[in-house]
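Here's the letter readout for the chains.
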Amino acid sequence: MDSRLISLRMRASLCGHHLCGAERIVAEGEVVAATTTMVTRAMQGAGALPDEVHCSLERLDPASIRLVSLPDVATFEVSDWQSGRRLAKQLLTRAGVSLEAASFALDLLAAGPGPDGTVMRGAVIMNARTGERLETDAGRGVRVSRMDLEASVRPAIESMLAAAGLGHHRVAEALVLAAKVLSAPGIVAEVCWSDDPAYTTGYVADPQYGYQRIAALKESGDLRGGRVFFVDPETTLDTLGDYLEFRPVLCNALGRISPPTFWSE
Ligand code: WAQ
Ligand code: MG
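Draft legend 1. Quick peek at the site of ligand 1. In the neighbourhood of ligand 1, 23 residues make up the surrounding shell, with Arg170, Ser194, Asp195, Tyr199 and Tyr211 lying closest. Contacts to ligand 1 include Tyr211, whose side-chain N or O atom sits 2.6 Å from an oxygen atom. Between ligand 1 and the protein, one listed contact pairs an oxygen atom with a side-chain N or O atom of Arg227 at 3.0 Å. In isolation ligand 1 offers 700 Å² of accessible surface; the protein chains occlude 91% of this area. Looking at the shell around ligand 1, the elements that each hand over two or more residues are helix 5 (169–182), strand 8 (187–193), strand 10 (210–214) and strand 11 (226–231). When grouped by side-chain class, the residues that make up the shell around ligand 1 number 13 nonpolar, four polar and six charged.

Draft legend 2. How the structure looks around the pattern of salt bridges. Under the defined criterion, the tally for this structure stands at 14 salt bridges. Of the charged contacts in the structure, one is a salt bridge between Arg256 and Asp72, with a shortest N-O distance of 3.5 Å. Placement of the pair is Arg256 in the loop between strand 12 (249–253) and strand 13 (261–262) and Asp72 in the loop between strand 4 (66–69) and strand 5 (73–77), with a sequence separation of 184 residues. Judged by its relative accessible area of 30%, Asp72 falls in the partly exposed class. A salt bridge links Glu190 to Arg227; its shortest N-O distance comes to 3.0 Å. Of the two residues, Glu190 is situated in strand 8 and Arg227 in strand 11; the sequence distance between them amounts to 37 residues. Overall, Arg227 belongs to the partly exposed group, its relative accessible area being 22%.

Draft legend 3. Broad picture of the pairing of strand 10. Among the five residues that make up strand 10, five are buried, leaving the element largely enclosed by the rest of the structure. Pairing of strand 5 with strand 10 involves four bridges; the strand directions are parallel. When the bridges of strand 10 are listed, Val73 appears paired with Tyr211. Pairing between strand 9 (residues 202–206) and strand 10: five bridges, direction antiparallel. Counted as the bridge partner of Tyr203 is Arg213 from strand 10.

Draft legend 4. View of the sheet that holds strand 5. Read across the sheet, seven strands follow the order 6-11-8-9-10-5-13 without closing on themselves; strand pairing throughout is mixed. Single-partner strands in this sheet number two, and they are strand 6 (124–127) and strand 13. Lying on the sheet, helix 3 (residues 99–111) is in contact with strand 6, strand 8 and strand 11; it crosses strand 11 at an angle near 160°.

Draft legend 5. A look at the nonpolar core. Residues Leu70, Ile187, Tyr203, Phe229 and Leu244 are the most contacted members of the largest nonpolar core, which totals 37 residues. For this core, the secondary structure elements donating two or more residues are strand 7 (147–149), helix 4 (154–163), helix 5, strand 8, strand 9, strand 11, helix 6 (237–246) and strand 12. When residues in this core are grouped by element, the largest group, ten residues, is from helix 5. Counting 29 residues, the second largest nonpolar core, distinct from the first, contains Leu109, Met120, Ile214 and Val228.

Rules used throughout
- Residues numbered from 1 in each chain as written.
- Chains lettered and ligands numbered in written order.
- Predicted model: local features only at pLDDT ≥ 70, side-chain atom pairs only at ≥ 80, totals over all residues.
- Heavy atoms only, no water.
- Near = heavy atom within 4 Å.
- Polar contact = N/O pair within 3.5 Å; in protein donor to acceptor, adjacent residues only side chain to side chain.
- Areas by Shrake-Rupley, 256 points an atom, 1.4 Å probe, with all protein chains shown as cover.
- Helix = DSSP H or I, 4+ residues; strand = E, 2+ residues; numbered from the N terminus.
- Nonpolar A, V, L, I, M, F, W, Y, C, P; charged D, E, K, R; others polar.
- Salt bridge = Lys/Arg side-chain N within 4 Å of Asp/Glu carboxyl O.
- Buried < 20%, exposed > 50% of the residue type's maximum accessible area, 1.4 Å probe, protein only.
- Pairing = 2+ DSSP bridges.
- Contact = heavy atoms within 4.5 Å.
- Axes fitted to C-alpha atoms, helices over the stretch in contact; angles between N-to-C directions.
- Core = buried A, V, L, I, M, F, W, Y, C linked by side-chain atoms within 4.5 Å.

Set out below in structure tokens:
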């Protein structure tokens, strides 16, 4: 592995509201091109022109980098987003989240989990049994950071995803984020849908069944979205937060990709 890897991070906002962000881990020689791509996305891809874009570059200690596999990928087609949310609840409870916590999390994302119904910059951390919110800052939440595909497997992974109809960068990025989350201590499951009003597909991820895409988890046009990480009640939050934010993780293998199936209740 390249011993001089750099963590690149970008976040863009408008009037203090988070618009988009990106995470890469690249070799020194890729820094300029990758930063250009990130800033281009911030300026063109966020739906609104940001008034602040932060990029940071940081050299990583090669000994700190952890290698993990991407989770298996399943896709469920559903008749509408209401049905998608019922499926999400079912997948979350199968993963070990209580029905109360699962219902509360879905209602929270539907209402906008940040202060006054806004979108958070990061994720909610939730006690998987009680549904109690555990993140210290409900506007920021916990941001998963310092993760990427390992460079040598990127072309193969991208072409396998593209062959399965999952070639959009959103999918690869969400998969990498979920891979890091699933590798973290004390994680029971994750649920996510985008804050992009045009993107209704979301997912539930858990260590056993992997990354389970649900074709509709919200109504098209809805600006709200977010992520909830459900944790074992015994989890030490400092250790978890530290891992999610700071431990560099590279994904060096793809899981299995199953063809889409229709979920009917
Ligand atoms: N760490 C923690 N939370 C984050 C992060 C991060 N690095 N990035 C985004 N979030 C939270 C934040 O609250 C966003 O509002 C929310 O997640 C959604 O982020 O078809 O595009 O980047 O398989 O809009 C999932 C399905 C797409 C992809 C998710 O999320 C597929 C997506 P977005
Ligand atoms: Mg977004």
